[in-house]
Amino acid sequence: MENNHFTLEISPSGNLTNLVLTEDTHQMNWVIDSNYLTQTGYEEKDKLFGSFSLTVDGMKLTSADTAPTIIREAAQALVTYTFEQIEVIMKYDLKQAEDNLVWNITMKNLEAKEVNISDFAIWSSFSYVMFRKNDLNQQTNHSAAVFTSISADYSKLACIRRSNEAPHLGMFQTKGQTLSVGTYCAYNNLFFESVSPSLDGLLFHQLILAGGYPDSFENADWLYNKTDFALSGLSEKEWEYKLQSFESQQDFYQIGQEQHGHPVFNFEPLAIAGKYYYFSVQLPDNKYLTDAYIEYLDRNGNRKKENIVGKIKRMKQTYAGKLLFTVPGEHKITIEIDDQSFDSIILNVMEPIKTIIENRSRYISDVLFNGADSENPYSYSPLSNQGESLGKLSLVLKNNLLGKVNAKEVQQVEASCVHYIREKWFENGEFTKPVYLYGDFYRCMDFEYIAHVFYLLSQFDQDILQLNEPDTYLSWAADVFSLRVNPDLHNTPRGKEEAQMLGVFFLYIDELMAELKNRGLTEKYEEISALWSNIAQTVAKDSSTYKAAVTEHFYDNAGFGPAAGALASTKHHNAAKRYGELVLANIGFSNDFRAQSPDRWWEALSYMIHSLWGGVTAAACLKVYEELQDIRYLKAAYRATIGILYCYDTNAKATDTKLTTGEAASTYSIAGPHINRPDLSRNRFGQSTFFRDGGIFTRLFTKEEETADWDMGEELVAYLDGFGKKTFLYEEDGKIAVVNGSIEDTEDGLLITSYAPYPSEYYFYEKDLHFVSENGRLMPQVLLVDGQFKAKEQLLTRE
């Protein structure tokens, strides 16, 4: 079947098995291909596009239980599944419009008595695949990230080609209601078999039209419905989605509005309690806002609902509101349109982020540090062989560098560096002799975290340090960094290969080199500078093939994120743009702040927020913005960052895992339901929770109860160097807007209030304006007056 824009194939079992956009030069199949499952040994053919399950009066049925009747006409296919009580009809229609595919789902009650549908879920299995093949053309041009926006009447999915090369594919709800979108993960992991790349897999997406969870399942997610529905005798219920190609994020929303009647929100994902928050929504022509309200849980967990219609002003089809929140936690803003349909956004209201970071630093030092008399002296719990576990030490040091110094916290990290880290990762403490901590290999990536801790330690004054001079730790940092990036220092093929991969060190390499040069460690500076320059040039040269996108995994934002950031920092602009597009395609956009995360799946077996690599990807995206000044990167970096902060948010109420002061959880599963592990649906956790599932996880973790924050910290250091101190202004549609803050028109000028915990820098690149306070002095507000920043009654000049 085909029209001017689509070619599709329906299998004998009624599944949509091939969906190609005519205009697509790559001729990508936008749905999961059963042939690929056969080739790679995956057995999930019951989850192909259009397969479904339902529960009728307690009886569970699936599309596999009956052979469908398929009627094909020119540009239309009718697939009918008939059961004893119920009939499910799916129509794939290319005739209604030349530029879209209409997917209609109708459920008919064949009996005269009412039936209860407690569960109805349909697989919409788009090509979310990490292929088992080191072919980056296939990984980037034949795979999509799937970003969901769920609302009562205006749900939609954006399937973004991983190269970010249009056309992309959107799916817009036009009839019925979608309660949620769940995921199921199938994967293959060869981590312990010394194979690199070692991981491949697929996510299957499932539209939840009723229920979606096991019987009697309850969790803390109050934001989305898990309801059933009744179907009266001889009646029917209908759902409809329209699939259509689009060019960009803006185009996706514009098509939804102009062609499918969807509202378009303009909102920031974060609000700070006690500070003004602005949002707006644009309605399609001839549509009117008839009600608006906020829902949230109060401090006692009671659900509250406040009407905000009186706080919203209308200008043509745009409705704008100015709000002030007092209670931290997730907030849902819902609008009613024409007294009959509803749309919503979900944002997070947080207490001052500085408080969260200070509490976290204190918790790491007071609770996680193991003293001299412990079983593992001077370590931090939970113990891990992976360098990521040292990110919490870097966070403690960074917090002390930015705020008031707590000598005890710094000295604990110093003791850990000298007595634990050096002895564990290096034979007899010799930085040229790494210990084979993983059986027959070691990971070069571990060394970049160690070098970062050493570097940050070197930034403290001698009167704070107890065991060595600051320059000693700077020298250690240089030595470990050389081991990280110099292939000549390794004897194994794996070591030589990994030494040339990029990693989180792009976040601090420029600072490290500057300190080496300033403190007279010239020889080490020249060695590292040459190694760094060579790596950047090599990555830039290979950017046409996206070589740096491969890490231990076939395709990984731990590869292309740092590549983009590093290339931007080293002024390789064309190469940075190439990798930057991968980063943009990787960062979600949605009506829910938690679904705006960098796209990853293997830490959670679900579309997820991963604190470390999500945060590093966000930081890389911000670096690309600062160099290229393309506003897409600024917006994406900020969206991603707010999701990462959710992993540290002790006021979150819509997740089962409640964090006490200073606690954190590295992983948040965005999907609900998480079909592999329903208990993890829209929940925070650490990877060790998979210990009880067996397999590779029993070798990665020693017990299920391990704390959920073992690999956290590095991303907050990156945050503190970016949005932790910087606020950005930009122009859009003739108006000045702000990222990481709020903007208010006052008699004195535009008042910019920063959301940064250590606000000291304000940038307005389009006007060539910036303000950096002296010695990092905190400036929570500035004025923009007559094209200049103003603070303390003094005009700050343009650079």
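To be clear, the structure that these remarks concern was listed above.
Scope of this entry: the structure provided in the associated data block. (Residues numbered from 1 in each chain as written. Predicted model: local features only at pLDDT ≥ 70, side-chain atom pairs only at ≥ 80, totals over all residues. Heavy atoms only, no water.)

**Here we look at the overall build of the protein chain**
Under the convention used in this document: In DSSP terms, a helix is any run of H or I states spanning at least four residues, a strand is any run of E spanning at least two, and both are numbered starting from the N terminus. What the globule rule says is 2.2 Å times the number of residues to the power 0.38, and the radius of gyration is computed from C-alpha atoms. Note on classification: 1.4 Å probe, protein chains only; a residue is buried when its accessible area is under 20% of the maximum for its type, exposed when over 50%, partly exposed between these limits. When checking whether two residues touch, look at their non-hydrogen atoms; a contact exists if any pair is within 4.5 Å. Only the protein chains shown count as cover for residues, with accessible areas throughout obtained via the Shrake-Rupley method and a probe of 1.4 Å. Charge counting treats Lys and Arg as positive and Asp and Glu as negative, with His and both chain ends excluded. For this purpose, a charge sits on NZ of Lys, CZ of Arg, CG of Asp or CD of Glu.
Per the secondary structure count, the protein chain includes 17 helices and 38 strands. For 799 residues, the compact-globule formula gives about 28 Å, and the C-alpha radius of gyration of the protein chain, at 27 Å, lands near that figure. For the protein chain, the spread of C-alpha atoms along the three principal axes comes to 85 × 65 × 50 Å. Buried residues in the protein chain amount to 62% of all 799 residues. Partitioning the intrachain contacts of the protein chain with sequence separation of at least 6 by distance along the chain shows that 65% fall at a separation of at least 24. When the accessible area of the protein chain is evaluated, it comes to approximately 29800 Å², of which 44% is carbon and sulfur surface. Computed over 73 positive and 110 negative side-chain charges, the inter-centroid distance for the protein chain is 2 Å.

**With respect to empty space enclosed by the protein**
Note the following rule: Buried and open spaces are told apart on a 1 Å grid over the protein atoms alone, a cavity being a set of points where a 1.4 Å probe fits but cannot get out and a pocket being an open set with protein on both sides within 12 Å along at least five of seven lines. Residues with an atom within 4 Å of a point are the lining residues. Grid points are joined across faces, edges and corners, and a volume is the space filled by probe spheres set on the points. Amino acids outside the nonpolar list (Ala, Val, Leu, Ile, Met, Phe, Trp, Tyr, Cys, Pro) and the charged list (Asp, Glu, Lys, Arg) are all regarded as polar, and Gly is one of them.
All chains considered together, the criterion is met by 4 cavities of 30 Å³ or more. Around the largest cavity sit 33 residues that line it, and Gln-386, Glu-552, His-553, Trp-602 and Glu-603 are the ones nearest its centre. Elements represented by at least two residues in the lining of the largest cavity include exactly β14 (180–189), α7 (445–457), α14 (611–628) and α16 (697–700). Here the element with the most residues in the lining of the largest cavity is α7; it accounts for 3 residues. The class makeup of the residues in the lining of the largest cavity is 18 nonpolar, 7 polar and 8 charged.

**Structural notes on the pairing of strand β1 (residues 6–10)**
Where a strand is regular, its side chains alternate between the two sheet faces. Rule in force here: At least two bridges found by DSSP between two strands is the condition for calling them paired.
In β1, alternate side chains face the same way, and those of Phe-6, Leu-8 and Ile-10 are buried while those of Thr-7 and Glu-9 on the opposite face are not. Pairing of β1 with strand β2 (residues 16–21) involves 5 bridges; the strand directions are antiparallel. From the neighbouring strand, Leu-8 faces β2, where its bridge partner is Leu-19. As consecutive antiparallel partners, β1 and β2 are separated by 5 residues, and within that stretch Gly-14 has a phi angle of approximately 90°, a positive value.

**Remarks on the layout of surface pockets**
Take a probe with the size of a water molecule and roll it over the atoms, and the empty space left behind shows itself. Put simply, the second largest pocket is a space of about 970 Å³. Taken together, 44 residues make up the lining of the second largest pocket; nearest its centre are Glu-511, Lys-623, Asp-721, Lys-725 and Lys-726. Those elements that place two or more of their residues in the lining of the second largest pocket are α5 (391–402), α7, α10 (509–518), α12 (557–569), α14, α15 (631–645) and α17 (714–721). Broken down by element, the lining of the second largest pocket gets its largest block of residues, 7 residues, from α14. Tallied by class, the residues present in the lining of the second largest pocket amount to 22 nonpolar, 10 polar and 12 charged.

**Considering the packing of aromatic side chains**
We apply this condition: Note on ring pairs: Phe, Tyr and Trp rings are taken, using the six-membered ring of Trp, and paired if centres are within 6.5 Å. Classes follow the plane angle, with under 30 degrees stacked, over 60 edge-to-face and the rest tilted.
Enumeration according to the criterion identifies 53 aromatic pairs in this entry. Here Phe-52 and Phe-120 contribute two aromatic rings whose centre-to-centre distance is 6.1 Å and whose plane-to-plane angle is 85°, an arrangement assigned as edge-to-face. With a gap of 68 residues between them, Phe-52 in strand β3 (residues 52–56) and Phe-120 in strand β9 (residues 115–123) connect regions that are remote in the sequence. Each member of the pair Phe-52 and Phe-120 is classed as buried. Geometrically, the ring pair formed by Phe-454 and Trp-476 is edge-to-face, given 5.3 Å between the ring centres and 65° between the ring planes.

**What to know about the nonpolar core**
Operational definition: For the purposes of this section, nonpolar cores are sets of buried Ala, Val, Leu, Ile, Met, Phe, Trp, Tyr and Cys residues that join through side-chain atoms within 4.5 Å.
Counting 215 residues, the largest nonpolar core has Leu-19, Trp-103, Met-107, Phe-120, Phe-126 and Tyr-579 as the members making the most contacts within it. Here this core takes 10 residues from α14, the largest share from any one element. In this view, Met-107 contacts Leu-54, Ile-86, Glu-87, Val-88, Ile-117, Phe-120, Phe-229, Leu-231, Ser-235, Glu-236, Lys-237 and Trp-239; residues no more than four positions away in its chain are not counted. Phe-267, Phe-279, Ile-294 and Val-349 belong to the second largest nonpolar core, which has 24 residues in total.

**Here's the deal with the pattern of salt bridges**
Applied cut-off: For salt bridges, the criterion is a side-chain nitrogen of Lys or Arg within 4 Å of an Asp or Glu carboxyl oxygen.
Counted under the stated rule, the structure contains 38 salt bridges. In this structure, Asp-446 engages Arg-443 in a salt bridge whose closest nitrogen and oxygen atoms are separated by 2.7 Å. A relative accessible area of 1% places Asp-446 in the buried class. When the shortest N-O distance is used, the salt bridge between Lys-725 and Glu-761 registers 3.8 Å. On the criterion of sequence distance, the pair formed by Lys-725 in the loop between α17 and β30 (726–732) and Glu-761 in strand β34 (residues 761–764) is long-range, its members being 36 residues apart. Since its relative accessible area comes to 10%, Glu-761 is described here as buried. In the salt-bridge network here, residues are joined through shared partners; they are Glu-388, Arg-443, Asp-446, Arg-494, Glu-498 and Glu-552.

**Here we look at the packing of α5 against α17**
What counts here: Here an angle of 0 to 180 degrees is reported between the N-to-C directions of two axes, which are lines fitted to C-alpha atoms, with helices fitted over the stretch in contact. In this scheme, roughly parallel covers angles under 35 degrees and roughly antiparallel covers those over 145, while 65 to 115 is roughly perpendicular and the rest are oblique.
The geometry of α5 relative to α17 is characterised by a closest axis approach of 7 Å and an angle of 30° between their N-to-C directions. Taken as axis vectors, α5 and α17 run roughly parallel relative to one another. Touching Gly-391, Ser-394, Leu-395, Lys-398 and Leu-402 of α5 are Glu-714, Leu-716, Val-717, Leu-720 and Asp-721, all from α17. Among the residues forming the contact of α5 with α17, the class breakdown is 5 nonpolar, 2 polar and 3 charged.

**Some words on the sheet that holds strand β21 (residues 289–297)**
Read across the sheet, 5 strands follow the order β19-β26-β25-β21-β22 without closing on themselves; strand pairing throughout is mixed. Because the sheet does not close on itself, it has two edges, and the strands there are β19 (270–272) and β22 (303–307). Pairwise comparison of adjacent strand axes, ignoring direction, gives a mean angle of 30° for this sheet. When strand β25 (residues 329–337) meets strand β26 (residues 341–350), the two strands line up antiparallel, connected through 9 bridges. When the bridges of β26 are listed, Lys-332 appears paired with Ile-346.

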